[in-house]
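Per-entry structural report
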Amino acid sequence: MPDKKISFHKACIDQKEIDAVTDTLKSGWITMGPKVKEFEKKFSDYIGAKFSISVNSATAALHLSLRAIDLKRGDEVIIPTNTFVATAEVVVYFGAKPVLCDVEYDTHNIDTSKIESLITSNTKAIIPVHFSGQPCDMREIHDIVKKHKENTGKKIYVIEDAAHALPSKYNNKLIGSLSDLTCFSFYATKTLAVGEGGMVTTNSKQYADSIKINRLHGISRDVWNRSDGGGWFYDVVSCGNKYNMTDISASIGLVQLNKLDDMNYKRGVIADKYDNAFKGLVKHLAIRGNNATSNHLYVLKVSDRDKLYDMLKENNIDASVHFIPIHFHAFYKSKFNYKRDDYPIANKVFNESLSIPIYPDMSEVEVNKVIQVVTDYAKNDKII
Ligand SMILES: *Cc1c(COP(=O)(O)O)cnc(C)c1O
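Read on for an overview of the structure. Everything numeric here is computed off the predicted structure, so don't read it as measured data.

Side note on the site of the ligand
Neighbouring residues of the ligand: 16 residues in total, closest T59, D161, H164, S185 and K190. Residue A58 places a main-chain N or O atom 2.8 Å away from an oxygen atom belonging to the ligand. The contact in question runs from an oxygen atom of the ligand to an N or O atom on the side chain of K190, over 3.1 Å. For the ligand, whose free accessible area comes to 390 Å², the fraction covered by protein is 93%.

Structure, rendered in structure tokens:
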């Protein structure tokens, strides 16, 4: 009989989440309400950011962040090409252009040494993506925008795509309060999962107010506050979006936030096991100095990615590839005329990368099984 399948990801959900949802359903208030408020407060406390504004996805978080900085048609936003399409699509919503930057070979993060040459008079923002959970070189990015401000008087905003980076540390500080705005994802496969959800963190009241208003139709105050004695009146101050989180999701989020450190520890144990087993056999992403990764993904770098993928499949193990670069996708290629040769490192890492399963509920037997197949593969592979 073949072994039981090892899935690429399994959300870490137990009775506590189920009970929390049941309580919310029984409470009579199932959309944005007290649970959302509590989740935002506890998230801010955890991250150490002044404001946390919840939404229904990280894509919405990025969209509203770009609204908050007033991105306009014709503006440019610098993003790494090695990212999920959401990072690019939110820029296109505005009629603005995603300017793609190549990535570093060791970390697959945006190559900060290539950012300055991409800056033009239209550059409005940079969205670094903390790939797999390892923080980008934020000091370098902040230095670049500071220098640009000194030279031209123009601010370039920094919005972190932290969909992989909860909890990750840059220079011993949690990701979430280092830049103008930071966006987290609570999608089913992310390190804190509520199904669909996201959060923006910021220390700016101005951005926080803008996002709060635009996540709910541009209404000048939260609808549920109307039950707080405010009566029936509300005013609409902008053409907003419908991006709010529900209390059902927030009640799951509260339980997940409570066990975030424990889940993170468990992924760390698996990552250490993989690191030790693959030492000298297979390359994987490097972790820099004082950074701590969430280990959202564990990415191997091999010379024959498709062969390793097939071997894992034959052994009933799911793997995945992160990411198909933005400049490969039909829509982006034809709309923005990206040239494949402009991103040599991203092309290379795309061909070599394979993400293997890593999640808190993986059993030791499952981890060992993955190690065994990868080690078998490595016997006939040369380290690249
Ligand atoms: C998952 C992901 C997103 C989008 O998150 P959603 O919550 O699904 O909208 C954005 N950027 C990156 C890098 C991601 O991995």
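Quick word on the packing of aromatic side chains
On inspection of all chains with the given rule, the structure shows 15 aromatic pairs. An aromatic cluster of at least three residues, connected via ring pairs, comprises F39, F43, F184 and F186. Over the aromatic face of Y105 sits the side chain of K301, whose NZ or CZ is 3.7 Å from the ring centroid. A cation sits over an aromatic face here: R340 above F328, 3.7 Å from the ring centre.

Things to note about the packing of helix α8 (residues 260–278) against helix α12 (residues 364–379)
Relative placement of two packed helices is described by the angle separating their axes and the distance separating the axes. One can describe the packing of α8 onto α12 by two numbers: an axis separation of 11 Å at closest approach and a directional angle of 30°. In terms of orientation, α8 and α12 fall into the roughly parallel class. The crossing of α8 and α12 is right-handed. Together, I270, K273, Y274, A277 and F278 of α8 and E364, V367, N368, V370, I371 and V374 of α12 make up the contact between the two elements. Split into classes, the residues belonging to the contact of α8 with α12 amount to 8 nonpolar, 1 polar and 2 charged.

Let's talk about the packing of helix α3 (residues 58–68) against helix α4 (residues 85–92)
The N-to-C vectors of α3 and α4 enclose an angle of 35°; their axes lie 9 Å apart at closest approach. The element α3 and its partner α4 pack so that their crossing is right-handed. Contacts from T59, L62, H63 and L66 in α3 reach A86, T87, E89, V90 and V91 in α4. Considered class by class, the residues forming the contact of α3 with α4 number 5 nonpolar, 3 polar and 1 charged.

Notes on the environment of V282
With respect to the element layout, V282 can be found in the loop between α8 and β10 (283–284). As for V282 and K379, which are separated by 97 residues in sequence, their C-alpha atoms are 9.8 Å apart.

A few points about the sheet that holds strand β1 (residues 51–55)
Here we have 7 strands laid out as an open sheet, ordered β1-β9-β8-β5-β4-β2-β3, and mixed in their pairing. The sheet is open, and its two edges are formed by β1 and β3 (97–101), each paired on a single side. Averaged over all neighbouring strand pairs, the angle between strand axes comes to 25°, with direction disregarded. Strand direction decides the pairing type here: strand β4 (residues 123–126) and strand β5 (residues 157–161), joined by 2 bridges, are parallel. Bridged to I126 within β5 is V158. The strands touched by α3 within the sheet are β1, β5, β8 (181–185) and β9 (198–202), with β8 carrying the most contacts at an inclination of about 165°. Against the sheet, helix α6 (residues 205–214) makes contact with β1, β5, β8 and β9, and its axis sits at roughly 20° relative to β1, the strand it touches most.

With respect to empty space enclosed by the protein
If you walk through the whole model with that rule in mind, you get 1 cavity of 30 Å³ or more. The computed volume of the largest cavity comes to approximately 100 Å³. Considering only residue class, the lining of the largest cavity consists of 7 nonpolar, 5 polar and 3 charged.

Some thoughts on the sheet that holds β10
The sheet built from 3 strands is open, its strands ordered β10-β11-β12 with antiparallel pairing. In the strand order of this sheet, the two ends are held by β10 and β12 (353–356), each with one partner. Sitting on the sheet, helix α11 (residues 344–352) is in contact with β11 (298–301) and β12, with an inclination near 50° to β12.

Looking at the layout of surface pockets
Reported here for the largest pocket is a volume of approximately 550 Å³. What lines the largest pocket is a set of 29 residues, among which F84, Y187, T189, K190 and F323 lie closest to the centre. Residue assignment for the lining of the largest pocket shows that the elements contributing at least two residues are α3 and α4. Looking at the second largest pocket, its volume works out to about 180 Å³. Elements with a minimum of two residues in the lining of the second largest pocket: α8 and β11.

Conventions and cut-offs
Residues numbered from 1 in each chain as written. Predicted model: local features only at pLDDT ≥ 70, side-chain atom pairs only at ≥ 80, totals over all residues. Heavy atoms only, no water. Near = heavy atom within 4 Å. Polar contact = N/O pair within 3.5 Å; in protein donor to acceptor, adjacent residues only side chain to side chain. Areas by Shrake-Rupley, 256 points an atom, 1.4 Å probe, with all protein chains shown as cover. Phe/Tyr/Trp six-rings, centres within 6.5 Å; stacked < 30°, edge-to-face > 60°. Lys NZ or Arg CZ within 6 Å of the ring centre and 35° of its normal. Axes fitted to C-alpha atoms, helices over the stretch in contact; angles between N-to-C directions. Helix = DSSP H or I, 4+ residues; strand = E, 2+ residues; numbered from the N terminus. Parallel < 35°, antiparallel > 145°, perpendicular 65-115°, else oblique. Left-handed = near helix turned anticlockwise from the far one by under 90°. Contact = heavy atoms within 4.5 Å. Nonpolar A, V, L, I, M, F, W, Y, C, P; charged D, E, K, R; others polar. Pairing = 2+ DSSP bridges. 1 Å grid on protein atoms, 1.4 Å probe; cavity = no way out; pocket = protein on both sides within 12 Å on 5 of 7 lines; lining within 4 Å. Points joined across faces, edges and corners; volume = space filled by probe spheres on them.

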